[in-house]
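Analysis of the macromolecular model
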Amino acid sequence: MVDQNPTAPRPASSASTVASQGVVPDFAPAPPGEQRRFAVAGTGHRAGMYVAAITGEHADVATLVAWLDPNPGRIDYYDAEVGRATGHDGPAGLPRYTPEGLEKMIEEQRVDTVVVTAPDHTHADLVARALAAGADVVVEKPLTTDRAGCRRITGAVVDTGRDVVMTFNYRYAPRNSSLREVIRSGQIGEVTSVHFEWALDTVHGADYFRRWHRDKKNSGGLLVHKSSHHFDLVNWWLDDVPSRVYASGGLKFYGERNAAARGLAPRPSRGTGTSGDPFALDLHDDPRLKALYLDAEHHDGYLRDQDVFGPGITIEDNMALVVDYRSGATLTYSLNAHSPWEGYRVTVNGTEGRAELEVVERGAVIVGDDGKVVLDPSATPGGIAAGGLRPEGERLLVQRHWEAPVAYEIPAGIGGHGGGDAILLKDVFRRHLRVSQDALGRPAGYLDGLRAVAVGIAANQSLVTGLPVRVDDLDLGVDLARTPREVSA
């Protein structure tokens, strides 16, 4: 399964194909002939996870009927993949549309659900228009990038009453759902504060500074694009709503100015064709990236491999936040995009104890003899990845007052993103067949998406003003504490 960006770590927890008992929900068998018709809007790398799911495990309940993307080269790639998966001698030949033809596509192809995997700044337009045209929506994070987008989606949901599914796959990673179990059980009492540190390494973190994400107008910066995952986790863990945000941060490592300040030599504008540079991405090295981007760039001029120390970067690479919650709990959060290792640490303090989750997804970034980064340093001779000091893995400790710490057993998941992707996809395509409700509340809707991006949007405003921002003052079109049913009533 294509589950994530090729620069992201692939820890053992993402390679599991057999989940522990109770991790995967129970679903009833699909009625014969019952299939929903799906279209994919946005045929970049991330679309691959959904295309593979529709043509593979979930082909009995879903069928792919159309593409929507301005770049015909990327559509060609996926259409050929679907052709192979469905037993065609050549491409599947699915109908294709450009973004202005969204409504026409939904009508002509009788689309039930549009899967939105296009760049972030297009989400609000695509989601709102799809709902108005009579389709439900599955949307990749983030829901949108700014206040106007939030209000537009809220209005469309209220007007149409249609369904929006947010694909917050980190909720489904057993390590994260285990922490929710601990908090909900009351073992550590009432939560008073959370500390959340996320480290992106110089392979994965650098990649956001090569792509369209590097322009804040496209992505809202990492506080929206990346951190919306993390803010959703905290909102979900606490079952609470953020109320006030204060942020500090800046571009302190990547970018043209930082390169000049550190005396870096003049650099090529793109990574393809560059040798001996661990910060360069050569699209020839990954057949999928080559097909989706290098071979397709003549259609729209989009460069997937820009220099991380080049001009035009307007997003931050170091960020720190203080977030107050309506219950009185406080979150302290930090994100660094140029760490030598990748993973995260979460500490939850409560009135009766403390829970600590630590995850190492890649213990070190190592450069090989060819000058290129070794994407799986744990496989190198001699255990060079972390010398045994930072092994890949995950650990959840719970310690009540006046007691010794106890290791909380983390069950195995299936698929990428810590074992969460494959479970998420079951809910995306089969939730109408669930035997029972999810006890952990993992499925996410548009209101969860709003609550997550609200923190990032408020943080971006705080970065500009230097002042704390009340979430209610953002006027996102809805009280974030209300349920989706209440909103549409």
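Refer to the structure above for everything that follows.
Everything in this summary refers to the structure shown in the same document. (Residues numbered from 1 in each chain as written. Predicted model: local features only at pLDDT ≥ 70, side-chain atom pairs only at ≥ 80, totals over all residues. Heavy atoms only, no water.)

Taking 1.5 Å of rise per residue, 14 residues should cover 20 Å, and helix H3 (residues 72-85) covers 20 Å from first to last C-alpha, within 8% of that figure. Residues of H3 that are buried: Gly73, Arg74, Ile75, Tyr77, Tyr78, Asp79, Val82 and Gly83. Check the buried side of H3 and you find it contacts helix H2 (47-55), strand S2 (62-68), strand S3 (96-97), helix H13 (287-294) and helix H14 (297-300). At the N-terminal boundary of H3, the capping side chain belongs to asparagine 71, with an oxygen 2.9 Å from the backbone nitrogen of glycine 73. Immediately beyond the C-terminal end of H3, within one or two residues, lies glycine 87, with a positive phi of roughly 80°. (Helix = DSSP H or I, 4+ residues; strand = E, 2+ residues; numbered from the N terminus. Expected span 1.5 Å × (residues − 1). Buried < 20%, exposed > 50% of the residue type's maximum accessible area, 1.4 Å probe, protein only. Contact = heavy atoms within 4.5 Å. Polar contact = N/O pair within 3.5 Å; in protein donor to acceptor, adjacent residues only side chain to side chain.)

This brings us to the side chain of aspartate 421. Here aspartate 421 is to be found in helix H16 (residues 421-430). For aspartate 421, which is buried and forms no salt bridge, the nearest opposite charge comes from arginine 46, at a distance of 4.2 Å. Here asparagine 169 takes part through its side chain, which lies 2.7 Å from a polar atom of the side chain of aspartate 421. (Lys, Arg positive; Asp, Glu negative; His and termini not counted. Salt bridge = Lys/Arg side-chain N within 4 Å of Asp/Glu carboxyl O.)

On to the nonpolar core, then. In this structure, Met105, Phe196 and Leu321 are the most contacted members of the largest nonpolar core, which totals 99 residues. In contact with methionine 105, not counting residues within four places along its chain, are Ala39, Ala66, Trp67, Leu68, Tyr97, Arg110, Val111 and Val114. Listed in part, the 38 residues of the second largest apolar core include Ala53, Val61, Leu64 and Tyr78. (Core = buried A, V, L, I, M, F, W, Y, C linked by side-chain atoms within 4.5 Å.)

Another point: the sheet that holds strand S10 (residues 330-339). If you walk across this open sheet you meet the nine strands as S16-S15-S12-S11-S7-S10-S9-S8-S18, and the pairing is mixed. The strands lining the two open edges of the sheet, one partner per strand, are strand S16 (406-407) and strand S18 (469-470). Here eight bridges tie strand S7 (residues 191-201) to strand S11 (residues 342-350), and the two strands are oriented antiparallel to one another. Residue glutamate 197 lies in a different strand from S11, and its bridge partner there is arginine 345. Where helix H17 (residues 446-465) meets the sheet, its contacts fall on strand S8 (242-250), strand S9 (318-325) and S18, and the angle it forms with S8 comes to roughly 50°. (Pairing = 2+ DSSP bridges. Axes fitted to C-alpha atoms, helices over the stretch in contact; angles between N-to-C directions.)

Applying the stated rule across the entire model yields 41 salt bridges. Between glutamate 140 and arginine 46 there is a salt bridge, and its shortest N-O distance comes to 3.1 Å. Of the two residues, glutamate 140 is situated in the loop between strand S5 (136-139) and helix H6 (147-160) and arginine 46 in the loop between strand S1 (36-41) and H2; the sequence distance between them amounts to 94 residues. Look at glutamate 140 and you get buried, because its relative accessible area is 7%.

Turning our attention to the packing of H3 against H13. Closest axis-to-axis distance for the H3/H13 pair is 7 Å, and the angle between their directions is 135°. Regarding the angle of H3 to H13, the classification is oblique. Between H3 and H13, the residues in contact are Arg74, Tyr77, Tyr78 and Glu81 and Arg288, Ala291, Leu292 and Tyr293, respectively. (Parallel < 35°, antiparallel > 145°, perpendicular 65-115°, else oblique.)

Before going further, it helps to spend a moment on the pairing of strand S4 (residues 113-116). Residues Thr113 and Val115 line one face of S4 and the alternating positions Val114 and Val116 line the opposite face, and both faces are buried. Alignment of S1 against S4, held across four bridges, turns out to be parallel. When the bridges of S4 are listed, valine 40 appears paired with valine 115. Handedness of the S4-helix H5 (residues 123-132)-S5 crossover: right-handed. (Right-handed = clockwise from strand over helix to strand, strands pointing away.)

Here we come to the sheet that holds strand S6 (residues 164-166). Read from one edge to the other, the open sheet built from seven strands follows the order S3-S2-S1-S4-S5-S6-S17, with strand pairing classed as mixed. One side of each edge strand has no neighbouring strand; the edge strands of this open sheet are S3 and strand S17 (444-445).

Turning our eyes to something else, we now look at the environment of glycine 249. Considering the arrangement of structural elements, one finds glycine 249 in strand S8. Glycine 249 sits 69 residues away from asparagine 318 along the chain, and the two C-alpha atoms are 5.3 Å apart. Those residues in contact with glycine 249 that sit more than four places away from it in its chain are Glu316, Asn318, Met319 and Leu463.

Right, let's talk about the environment of aspartate 89 for a bit. For aspartate 89, the position within the fold is in the loop between H3 and S3. Considering only alpha carbons, one finds aspartate 89 and glutamate 403, 314 residues apart in sequence, at a separation of 65 Å.

It is worth spelling out unusual backbone geometry at this point. Between lysine 141 and the following residue, proline 142, the backbone shows a cis peptide bond with an omega angle of -10°. Not every positive phi belongs to a glycine, and arginine 110 is a case in point at roughly 50°. Position of arginine 110 relative to the elements: it lies in the loop between helix H4 (102-108) and S4.

Attention now goes to the packing of helix H7 (residues 174-185) against helix H11 (residues 227-238). Two elements in contact, H7 and H11, have axes separated by 9 Å at closest approach and are oriented at 30°. In this view, H7 runs roughly parallel relative to H11, as classed from their interaxial angle. In this structure, the crossing between H7 and H11 has a hand that is right-handed. Contact residues: H7 offers Asn176, Ser177, Leu179, Arg180 and Ile183, while H11 offers Leu233, Trp236 and Trp237. A per-class count over the contact of H7 with H11 returns five nonpolar, two polar and one charged. (Left-handed = near helix turned anticlockwise from the far one by under 90°. Nonpolar A, V, L, I, M, F, W, Y, C, P; charged D, E, K, R; others polar.)

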